[in-house]
Each structure stands twice: as C-alpha cells, then as structure tokens.
Amino acid sequence: MSETERKKVLLSGIQPTGVFTLGNYIGAVRNWGKMQEEYNCAYFIADLHSLTVRQEPAELRKRTRDAYALLLACGIDPEKSLVFIQSHVPAHAELGWILSCYTQFGELSRMTQFKDKSQQHKDNINAGLFDYPALMAADILLYQPDFVPVGADQKQHVELTRNLVTRFNSLYGEVFRMPEPYIPKNGAKIMSLQNPTKKMSKSDENPNATVSILDKPDVIMARFKRAVTDSETEIVFREGKDGINNLMTIFSVLTGESFEQIEKTYSGKGYGDFKKDVGGVVVDALAPIREEFERLSNDKAYIEECYRKGAETASKVAYRTLSKVKKKVGLVQP
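Residues numbered from 1 in each chain as written. Predicted model: local features only at pLDDT ≥ 70, side-chain atom pairs only at ≥ 80, totals over all residues. Heavy atoms only, no water.

Draft legend 1. Inspection of the environment of Arg-54 at higher detail. Considering the arrangement of structural elements, one finds Arg-54 in the loop between strand S2 (40-45) and helix H2 (57-73). You can call Arg-54 exposed: its relative accessible area is 64%. Put simply, Arg-54 and Leu-99 are 45 residues apart on the chain and 24 Å apart in space, counted from C-alpha to C-alpha. (Helix = DSSP H or I, 4+ residues; strand = E, 2+ residues; numbered from the N terminus. Buried < 20%, exposed > 50% of the residue type's maximum accessible area, 1.4 Å probe, protein only.)

Draft legend 2. Quick peek at helix H6 (residues 127-141). For H6, with 15 residues, the first-to-last C-alpha span of 22 Å sits near the 21 Å given by 1.5 Å per residue. At Pro-133, H6 shows its strongest bend, of approximately 40 degrees. Most of H6 is tucked away, with 12 of its 15 residues classed as buried. Looking at H6, one finds that the buried residues are Leu-129, Phe-130, Tyr-132, Pro-133, Ala-134, Leu-135, Met-136, Ala-137, Ala-138, Asp-139, Ile-140 and Leu-141. (Expected span 1.5 Å × (residues − 1). Bend = angle between axes of the 7 residues up to and from the residue.)

Draft legend 3. Geometry of the layout of surface pockets. Approximately 350 Å³ is the volume attributed to the second largest pocket. Together, 14 residues line the second largest pocket, and Val-9, Leu-82, Tyr-143, Val-317 and Arg-320 are the ones closest to its centre. Only S2 and helix H12 (300-329) provide two or more residues apiece to the lining of the second largest pocket. By residue number, the principal contributor to the lining of the second largest pocket is H12, which donates four residues. Of the residues belonging to the lining of the second largest pocket, the class tally is seven nonpolar, four polar and three charged. (1 Å grid on protein atoms, 1.4 Å probe; cavity = no way out; pocket = protein on both sides within 12 Å on 5 of 7 lines; lining within 4 Å. Points joined across faces, edges and corners; volume = space filled by probe spheres on them. Nonpolar A, V, L, I, M, F, W, Y, C, P; charged D, E, K, R; others polar.)

Draft legend 4. Molecular detail of H12. A rise of 1.5 Å per residue sets the reference length of H12, with its 30 residues, at 44 Å; its end C-alpha atoms lie 42 Å apart and thus fit the reference within 8%. Along its length, H12 reaches its greatest deviation from straightness, about 25 degrees, at Tyr-319. Residues Ile-303, Cys-306, Tyr-307, Gly-310, Ala-311, Ala-314, Ala-318, Thr-321, Leu-322, Val-325 and Lys-326 constitute the buried set of H12. Directly after H12, the chain includes Gly-330, whose backbone phi takes a positive value near 100 degrees.

Structure (structure tokens):
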C-alpha cells in the first residue's frame, strides 16, 4: 500500500486525574470518536503520567477504570480503535528512558507545564515532573502516528517530540514517523466559568469554575447561571469579553452555529437568557454520555476484557518500534 493509500494513524492519551471536564470533552475527547472512520486510532489512559503528583492508590485504580469506561461512553469503539491503559504496555517506560537520554536539559526547562505544575506542587517537584515530556514523546512515537490530537496547551510537547524525531532519525536513519499536532479549529481550549482567562481544569479549587461531563443537569445549569461575564449587555465575540467569548465558543461547538448566528439570535437579549441556553445545550450534549457511562460501569467484566485485549494489541505494535530503537542505539536484544 502506498503512503497516499495508507489509512493515517492518530493517537492521543488522557490522564485519569478525575472525571473529564467539559473542556476535555470539547477540546479533545468529543472529536476522538468521530475520527475512528477516517483514521486508525489509538487512545490510552496515561496513568504513569499521573504519578508525578502523589496519588491515593485505590482512588487512582478507580479513576483509571472510570476514565477507560468514559472513553467508551464518549463514543470510542474498542472494535474500531486501539484503547488501552499506558502502564499495561511496559514499552512506554522503556522508550521513555531511552528518549530522555536524547532530550536536552534546556528543552525540558522551557516546558510551560513544568513551570506551572512546579508552582502548584512546590512540596513535590520531582524528576518525573521535569522529565515527563520524554515519556510523552515515547507514548506518541511507539505507535508511529501521523497525527496527535492535543489541546492548545500540549502543542509545546508535540513540538519537543518532533525535535526528538529529527535528532534521532538524523543519527540512526528513518526510525520514527514525524507526527503532526491536530488541533480543532474551534473549541480547542475551553476556559474556566469563574475565571475565563484560565483554562477549565479538573484541579480548580472553585467548584463553580468547572463542569464535569458526569455532572447532573441541575448542577450544570447552576454553574452556567453563575458563570462570570462582564459589565456590558451585548452578546458578541470580541477582545475583552472573555466570559462571553467562552460561552459562545461552547454554544457554537455543541450546536454548530457560527458566532455571527449566535450574535443575531441573541441580539437585544440579556446574559441571563444566554447563560441558561448554553447550560441547556451542555445538559443535552452530556446526557447520553452519563447514561452510557452508568451502563458500562455496571459491566466490569466487559471493561476488563476490553483493556486486556487493548494492552495485548498495543504491546505488539509498541514492541516493533521499541525493538528497532534498541537495535539502533546498540542494546543487546534478548
């Protein structure tokens, strides 16, 4: 099969650090299910990455299983896509170490997320927190993907991965395929409902700032009614209106309406009406996911069967790449 005929490979992962937010869903997971027909997709739960922050073991295990079930509830079909848990495939940690030996200290020092997380966890600035972009590069390169769907805040890590591909391939030949970041044109970054200059985050201390995709309708509506806007009254997308811009982005992504259509529909109407309608659109979009997640959560045998099969297939794919890398760098093969 020629390169033009080959079905492109797309890969992404998500950490099990709590239930996905509306931002995770709109910015990433919502698009993943839609991509299954067009691409060969691989999706994983990045549980090794979550260890950079101290975790309660039983809670991490539960969140990992829940995150896996949530991926399926969001429309990812394990018969169409490769869906697995990162720690079930030892090749991730192995290639992560090898790539860390090809990653410069200065490159890791410039990573924005390291600086941010170091501020958030000043009592635990560990080596894993510093070096995890090398593991992220391994996560990607093991599966030789063409595209990596990422939020805008992760683009820097994909650029580092691309630098490593160039560096490694220049030394050892064409070992890795060069991945491209895939960022949706609209809704790639959903902001906090209470501080719309900041990204919506699971770790936000203000519960009104974030919507979880498993929140009940009354909770979702209450949070949108409390969403921070501005002192004006006009529903229009422009600089300086971060709160309204964020609400319009959410509404546009979930309804397919352009900003111009939204502005026309809500001309002369107040913020209260608009916030209520945005909340309603979110409730409708998330209801099927919540129902499917409840069903899957009650079928633990099916979830376990899926992630075991996923790990088996992922290990075979990953080992092909890892074996080639080990040979290139001079490691004796067993």
